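Examining the three-dimensional arrangement
Here's the letter readout for the chains.
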Amino acid sequence: MTDLDLDRLEEIWGRAPRHVPAGRVPAPFAHRLTTADVDDLLSRRGLRTPFLRVARDGRTLDGSEFTLGGGVGAAIRDQVDDTALLRLFGEGHTLVLQGLHRTHPPVIDLAQALAADLGHPVQANAYVTPPSSRGFAAHYDVHDVFVLQTAGEKTWRLHRPVHPWPLRDQPWQDRAAEVAAAAAGPPDLEVTLRPGDALYVPRGWLHAATALGGVSTHLTLGVHVWNRHHLAEGLLDVAGRAVAGQEGLRAPLRAGVDVTEPRELVADVAAVREALVEALADVDAGAIAEFLAGRQRSAQRPAPVAPVATTGAAASPAGTLRVRDHLAATLESDDSGTTLRSRAGRLPLDEGEAPAVRAWLAGGESDVADLGEDLARRLLLAGVGVPGPTTRA
């Protein structure tokens, strides 16, 4: 699934849905979430809300309707109650496993690989729907979606957007009447997904799905796309910080001003606008990339790391040291020295360590002997390095 043909994807990216039958999907995915996996997550993993939602015909239940206390030795009040879920599922409720990119290893790997391929952050949910049931009414998402049918069959009905390319603060509920009216008409695409099929749904496209004769399970990989509005936010942030250096803009407004009266602000707004326009002209792409780098790091987690085993390896580093996957690491230098910055945090480097770390990041792996045991130990304990094989393959 992560073996994407990005050139072909670009033809429809953000513009049109696409159904891909099982035989044309680049890599199989059904093993990523089986029915047995679903039952295991619901009954043996101690899931808590909000990692599970329960819905039917557009109504989402309150968590108290399907959770209980954890029992003796587990003072937790919102653990999933599998007995309640058995009843609710039998009554026709859809079970939504949320955040599988954090709780289920096969999906963690898939979501992280897809995010690396696309360059956009990815989340993963699963929808388990009883026979002939619908969990949610027609709606649109504020992110793109790859639907991966893992079990059963489900019919999808898609309609064109009533609000193209919605932002995260523009949910479908704000346009519920428009959505309902559009969804009442003939669909622009109607397709039945079978195990192994995939469906791409751009953000803003209206969609609703109904399970057919048996239980239906599908994964949704939500892609939170970067867009030009993010660049606008970056431009305003950088320009805003630049004008903060102007003494005239830091000066107080006059005594007795009424900031709720527009007429009293005309001259001041004009002065600020002029300063911002001038500052915006000086903002380059490098400043925007730096602004977005922090968001990009926080939008995803690095690959899982084994705290106990890694601590043991750090006691006596040997063999090779790999760069932890999906780390998004960079070296930053200033007058105080060089820092390795990544999704694992910040690691100040001692004088002279930067060249070895730069080579390690570029190659993805180095011998501990080349790094030195002390540096290798610090990279391991900082969560940026993971043990490799003891000898080169």
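First, a word on scope: everything that follows refers to the structure included in this document. (Residues numbered from 1 in each chain as written. Predicted model: local features only at pLDDT ≥ 70, side-chain atom pairs only at ≥ 80, totals over all residues. Heavy atoms only, no water.)

Things to note about helix H7 (residues 228–243)
Since the α-helix turns once every 3.6 residues, residues separated by three or four places project in the same direction. With 16 residues, H7 should cover 22 Å at 1.5 Å per step; its first-to-last C-alpha distance of 22 Å lies within 8% of that length. Turning to H7, its buried residues number three or more, namely His230, Gly234, Val238, Ala239 and Val243. Where H7 is buried, its residues touch helix H8 (247–250), helix H9 (266–281) and helix H10 (285–299). The N-capping residue of H7, defined by a side-chain oxygen 2.9 Å from the backbone nitrogen of His229, is Asn227. (Helix = DSSP H or I, 4+ residues; strand = E, 2+ residues; numbered from the N terminus. Expected span 1.5 Å × (residues − 1). Buried < 20%, exposed > 50% of the residue type's maximum accessible area, 1.4 Å probe, protein only. Contact = heavy atoms within 4.5 Å. Polar contact = N/O pair within 3.5 Å; in protein donor to acceptor, adjacent residues only side chain to side chain.)

Quick word on the sheet that holds strand S9 (residues 154–159)
Sheet architecture is open: three strands sit in the order S10-S9-S12, paired in antiparallel fashion. The strands lining the two open edges of the sheet, one partner per strand, are strand S10 (189–193) and strand S12 (206–211). Taken over all neighbouring pairs, the strand axes of this sheet differ in orientation by 20° on average, direction set aside. As defined by bridge partners, S9 adjoins S10 across five bridges and the pair is classed as antiparallel. Note on S10: the bridge partner recorded for Leu158 is Leu189. (Pairing = 2+ DSSP bridges. Axes fitted to C-alpha atoms, helices over the stretch in contact; angles between N-to-C directions.)

Observations regarding the packing of aromatic side chains
Within the structure shown, the criterion is met by three aromatic pairs. Ring geometry for Trp13 and Tyr200: centres 5.9 Å apart, planes at 10°, overall stacked. Linking Trp13 in the loop between helix H1 (6–12) and strand S1 (18–20) with Tyr200 in strand S11 (residues 198–201), this pair joins segments that are 187 residues apart in sequence. When sorted by exposure, Trp13 lands in the same class as Tyr200, which is buried. A relative accessible area of 2% means that Tyr200 is categorised as buried. (Phe/Tyr/Trp six-rings, centres within 6.5 Å; stacked < 30°, edge-to-face > 60°.)

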